[in-house]
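Chain residues, written in single-letter form:
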Amino acid sequence: MTVATGKVNSHNPGACSPEESYGNIVPEKSANKGTTIPAEPMEERTPTKRNSGKEAARRTQNRGSASIGLARVRQRAEADKECRFNNLFQFLKVDLLRESFYKLKRDAAPGLDGVRWYEYERSLEERLPELERELHKGSYRAIPAKRRYITKDDGRQRPLGIMAVEDKVVQQACVTILNEVYYEPLFSGYSYGSRPGRSPHDALDALHEGIFSRRINWVLDCDITGFFDNLPHVHLLSFLEERVADKRMLRLIRKWLRVGWVEDGKRHAGTIGTPQGSVI
């Protein structure tokens with residue numbers, strides 16, 4: 001395939017073409033098995049030995065038919081770092097939505113609608129086909145986040161956005177498509193934040209390995225104050241557009257950014273920042 005000219009091999013639907021849509025193809029291999037951290041050996045590091053099998057255990061037994069196409073997307077993203085996909089929205093189907101629901105924390109606080117995980121599960125199979133139709137018809141409406149605060153170690157208050165269960169389901173599905181499948185192959189092996197199969201414990205394992213196996217003279221610790229609270233929407237969306245050409249997917253993310261939050265009964269518009277605590 002030649003992305004610049006938009007030419008597409010008849011046996012390889014245009015996953016990256018700005019003109020063609022992507023079709024489902026049976027993958028040659030499954031993605032992200034979680035046996036070891038794959039990026040580390042490529043960067044001349046000794047793979048950390050703990051927590052290596054957790055990823056496979058966390059995944060559901062039946063990933064559904066959507067995983068077939070998603071695995072192929074991941075393979076294409078790994079093969080072509082400049083690839084832009086224009087039909088990722090098609091994977092927001094019942095199978096992926098169901099899998100996403102069972103990835104959520106079951107004891108999490110309810111969102112603004114007051115519905116808890118176990119309550120939503122009661123009508124899950126009846127609701128998911130309807131939710132899929134709403135997404136593809138464009139009639140899906142996000143619910144504003146419920147604003148709560150947690151106290152940081154220095155006494156400051158960190159705002160959290162508690163989303164409704166149904167919004168979490170759709171957001172988790174988008175995380176699977178965009179992060180685990182599409183962006184994951186691009187990340188550095190030294191990166192551990194918000195990545196599937198990686199945790200703070202894995203980062204500590206890698207830090208321990210690095211300090212005791214190499215000559216380390218300094219450690220740099222830095223933080224961006226209020227990063228999530230002040231993230232400009234226009235810049236975030238422009239970064240996404242560099243890799244994602246699917247207008248429906250971008251519109252969905254823009255909807256979550258703008259839906260805002262409710263605090264003390266008053267609704268606030270989302271003009272800047274993104275809620276901490278939401279799945280996406």
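Up top you'll find the structure we're talking about.
My aim in this report is to walk through the structure given alongside it, one point at a time. (Residues numbered from 1 in each chain as written. Predicted model: local features only at pLDDT ≥ 70, side-chain atom pairs only at ≥ 80, totals over all residues. Heavy atoms only, no water.)

**Here's the deal with the side chain of Thr176**
Note the threshold: Counting from the N terminus, the helices are DSSP H or I runs at least four residues long and the strands are E runs at least two residues long. Under the scheme applied here, a residue whose accessible area is under 20% of the maximum for its type counts as buried, over 50% as exposed, and between as partly exposed, the area being computed with a 1.4 Å probe on protein chains only. Contacts were defined at the residue level, with two residues in contact if any of their heavy atoms lie within 4.5 Å.
Inspection of the secondary structure assignment puts Thr176 in helix H7 (residues 165–183). Look at Thr176 and you get buried, because its relative accessible area is 1%. Among residues more than four places away in sequence, those in contact with Thr176 are Leu70, Leu96, Lys103 and Val181.

**Section: helix H11 (residues 247–258)**
Since there are 3.6 residues in each turn of an α-helix, residues three or four apart along the chain are aligned in direction. Selection rule: Take the number of residues in a helix, subtract one, and multiply by 1.5 Å to get its expected span. The arc refers to the directions leading from the helix axis to the C-beta atoms. As used in this structure description, the phrase polar contact means that two N or O atoms lie within 3.5 Å; if the pair is within protein, one of them must be able to donate a hydrogen and the other to accept it, and residues adjacent in sequence are counted only when both atoms belong to side chains.
Helix length check: H11, at twelve residues, gives a terminal C-alpha distance of 16 Å against a target of 16 Å (1.5 Å per residue), a fit within 8%. Turning to H11, its buried residues number three or more, namely Met249, Leu250, Leu252, Ile253, Trp256 and Leu257. Seen from one end, H11 has its buried residues packed into an arc of 160°, which puts them on one side. For H11, the exposed residues lying more than 90 degrees away from the buried face are Lys247 and Arg258. The inward-facing, buried residues of H11 contact helix H6 (124–137), H7 and helix H10 (233–241). Here H11 starts with a cap whose side-chain oxygen sits 3.0 Å from the backbone nitrogen of Arg248, and that cap is Asp246. One or two steps after H11, the chain reaches Gly260, where phi turns positive at roughly 80°.

**Details of the packing of aromatic side chains**
In plain terms, the rule: Side-chain rings of Phe, Tyr and Trp, where Trp is taken by its six-membered ring, are said to pair if the distance between their centres is within 6.5 Å; with planes under 30 degrees apart they count as stacked, over 60 as edge-to-face, and otherwise as tilted.
Per the counting criterion, the structure on display carries eight aromatic pairs. Their ring planes at 80° and their centres at 5.0 Å tell us that Phe101 and Tyr102 sit as a pair that is edge-to-face. Overall, Phe101 belongs to the buried group, its relative accessible area being 0%. Here Tyr102 falls in the partly exposed class, since its relative accessible area comes to 32%. Taken together, a centroid distance of 5.3 Å and an interplanar angle of 80° make the contact between Phe227 and Phe228 edge-to-face. Since its relative accessible area comes to 37%, Phe227 is described here as partly exposed.

**So, the nonpolar core**
In plain terms, the rule: Joining through side-chain atoms within 4.5 Å is the link that ties buried Ala, Val, Leu, Ile, Met, Phe, Trp, Tyr and Cys residues into a set, and such a set is a nonpolar core.
Leu88, Leu131, Leu135 and Leu252 are the most contacted members of the largest nonpolar core, which has 42 residues in total. Only helix H3 (66–79), helix H4 (94–101), helix H5 (117–122), H6, H7, H10 and H11 provide two or more residues apiece to this core. For this core, the element with the most residues is H7, which contributes ten residues. The residues touching Leu252, leaving out its near neighbours within four places in the chain, are Phe89, Leu92, Leu135, Tyr140, Val170 and Cys174.

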